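# Observations on chain architecture
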Amino acid sequence: MNQSAWDLFWSSLGPMVQGAILGTIPLALASFAIGLTLALGLALMRLSRLGWVSGIARVYISIVRGTPLLVQLFVIFYGLPSVGIVIDPWPSAVIAFSLNVGGYAAEVIRAAILSVPKGQWEAAYMIGMSHRRALTRIILPQAARVSVPPLSNTFISLVKDTSLASVILVTELFREAQQVAAFSSEFMLLYLEAALIYWVICLALSSVQSVLEKRLDRYVAH
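What counts and how
Residues numbered from 1 in each chain as written. Predicted model: local features only at pLDDT ≥ 70, side-chain atom pairs only at ≥ 80, totals over all residues. Heavy atoms only, no water. Helix = DSSP H or I, 4+ residues; strand = E, 2+ residues; numbered from the N terminus. Buried < 20%, exposed > 50% of the residue type's maximum accessible area, 1.4 Å probe, protein only. Contact = heavy atoms within 4.5 Å. Areas by Shrake-Rupley, 256 points an atom, 1.4 Å probe, with all protein chains shown as cover. Lys, Arg positive; Asp, Glu negative; His and termini not counted. Charge placed at Lys NZ, Arg CZ, Asp CG, Glu CD. Axes fitted to C-alpha atoms, helices over the stretch in contact; angles between N-to-C directions. Parallel < 35°, antiparallel > 145°, perpendicular 65-115°, else oblique. Left-handed = near helix turned anticlockwise from the far one by under 90°. Nonpolar A, V, L, I, M, F, W, Y, C, P; charged D, E, K, R; others polar. Core = buried A, V, L, I, M, F, W, Y, C linked by side-chain atoms within 4.5 Å. Phe/Tyr/Trp six-rings, centres within 6.5 Å; stacked < 30°, edge-to-face > 60°. UniProt positions renumbered as here; feature names shortened; annotations may be inferred. Salt bridge = Lys/Arg side-chain N within 4 Å of Asp/Glu carboxyl O. Polar contact = N/O pair within 3.5 Å; in protein donor to acceptor, adjacent residues only side chain to side chain.

## Observations concerning the overall build of the chain
- Within the chain one finds eight helices and zero strands.
- Listed N to C, the secondary structure of the chain is α-α-α-α-α-α-α-α in terms of helices and strands.
- Its C-alpha atoms give the chain principal-axis dimensions of roughly 75 × 50 × 25 Å.
- Looking at the chain as a whole, 40% of its 222 residues qualify as buried.
- Pairs at least 24 residues apart make up 74% of the contacts formed inside the chain by residues separated by at least 6 positions.
- As displayed, the chain has an accessible area near 12,400 Å², and 67% of this comes from carbon and sulfur atoms.
- The averaged location of the 11 negative side-chain charges in the chain is 20 Å from the averaged location of its 15 positive side-chain charges.

Here it is in structure tokens:
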């Protein structure tokens, strides 16, 4: 690269990092927290003995997993106004990403709960625990260890997926890259720079994932 390209690289680094800190990361964290709460509810619904309850969760998960995230985002931001529901870009993105995370993470949590040996349930009942208490005190802590790797991967994927929010004008990392690229016409340079920042963020998140897994190993029996 020539000197002007390097100058553009370094001058655009600040706005992109700021976009990541103020846009990408908060968007991912908010969406993941809401989506995880939704996913837990859906997972418990899927495990329900009531067919209609399990059926509702099954249909929801099927719809979310069977449709593109970009389409879901467009339905919420561009589609809902046609029926009188107007939502600003940021909450639209949070809603779309949360609903998507809920659909995918629900199956992860359900599988993690099912992976806990039935003997754990029986032991909890034998000492007088109710179903809810056994679930919260015995089953979910063990299921958490099993679900950490796939849920961590879901979060890392979500961080990358937040780039889709740029299509509805949410100011985040990729949106900043688009704006600088449109002004300078250095599309290859700016998009590679954005990719580099995403990569660094994902490396950091993977390191946090490894530390979390090691800590959980200390407290959860195998």
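## Some details on the packing of helix H1 (residues 3-46) against helix H6 (residues 131-161)
- Interaxial distance between H1 and H6 falls to 11 Å at its minimum, and their mutual angle equals 140 degrees. As summarised for this structure, H1 and H6 are arranged oblique, according to the angle between their axes. Two packed elements cross with a definite hand, and for H1 against H6 that hand is right-handed. Taken together, the residues of H6 that come into contact with H1 (itself represented by Thr24, Ala28, Leu29, Ser31, Phe32, Leu36, Leu40 and Leu44) are Leu135, Leu140, Leu151, Thr154, Phe155, Leu158 and Val159.
- When the residues that make up the contact of H1 with H6 are grouped by side-chain class, the tally is twelve nonpolar, three polar and no charged.

## Examining the nonpolar core
- Counting residues in each nonpolar core, the largest one holds 54 residues, and the members touching the most others are Met16, Ala93, Phe97, Leu158 and Leu190.
- Mapped onto this core, the elements with two or more residues apiece are H1, helix H2 (51-66), helix H3 (69-79), helix H4 (89-115), helix H5 (118-126), H6, helix H7 (173-184) and helix H8 (187-219).
- With residues up to four places along the chain from it excluded, the contact list for alanine 93 reads Leu27, Ser31, Leu73, Ala165, Ile168 and Val170.

## A look at the packing of aromatic side chains
- Inspection of the entire model under this criterion finds eight aromatic pairs.
- Centroid distance phenylalanine 9 to tryptophan 10: 5.2 Å. Interplanar angle 85 degrees. Geometry classified as edge-to-face.
- Looking at phenylalanine 9, the relative accessible area reads 13%, which means it is buried.
- On the basis of an interplanar angle of 80 degrees and a centroid distance of 4.8 Å, the ring pair of phenylalanine 77 and tyrosine 78 is categorised as edge-to-face.
- Site record: aromatic cluster; members linked through ring pairs are Trp6, Phe9 and Trp10.

## Comments concerning the UniProt feature "transmembrane region" (unreviewed entry) in the chain
- Residues annotated by UniProt as "transmembrane region" (unreviewed entry) correspond here to residues 20-45, 57-80 and 188-208.
- Taken end to end, residues 20-45 comprises 100% helix and 0% strand; its first and last C-alpha atoms sit 35 Å apart.
- Summarising residues 188-208: 100% helix, 0% strand, and an end-to-end C-alpha distance of 31 Å.

## Description of the UniProt feature "domain: ABC transmembrane type-1" (unreviewed entry) in the chain
- Mapped onto the present numbering, the UniProt feature "domain: ABC transmembrane type-1" (unreviewed entry) falls on residues 21-209.
- Counted over residues 21-209, helix gives 82% and strand 0%. Its end C-alpha atoms are 19 Å apart.

## Some points on the side chain of glutamate 193
- As for its position among the elements, glutamate 193 is in helix H8.
- We note that glutamate 193 is buried and unpaired, the nearest opposite charge coming from arginine 175 at a distance of 16 Å.
- Polar contacts involving the side chain of glutamate 193 include one to the main-chain amide nitrogen of leucine 13, which spans 3.4 Å.

## Section: unusual backbone geometry
- One non-glycine residue, leucine 169, lies in the positive phi region at around 70 degrees.
- Considering the arrangement of structural elements, one finds leucine 169 in the loop between H6 and H7.
- Classification of leucine 169 as exposed rests on a relative accessible area of 53%.

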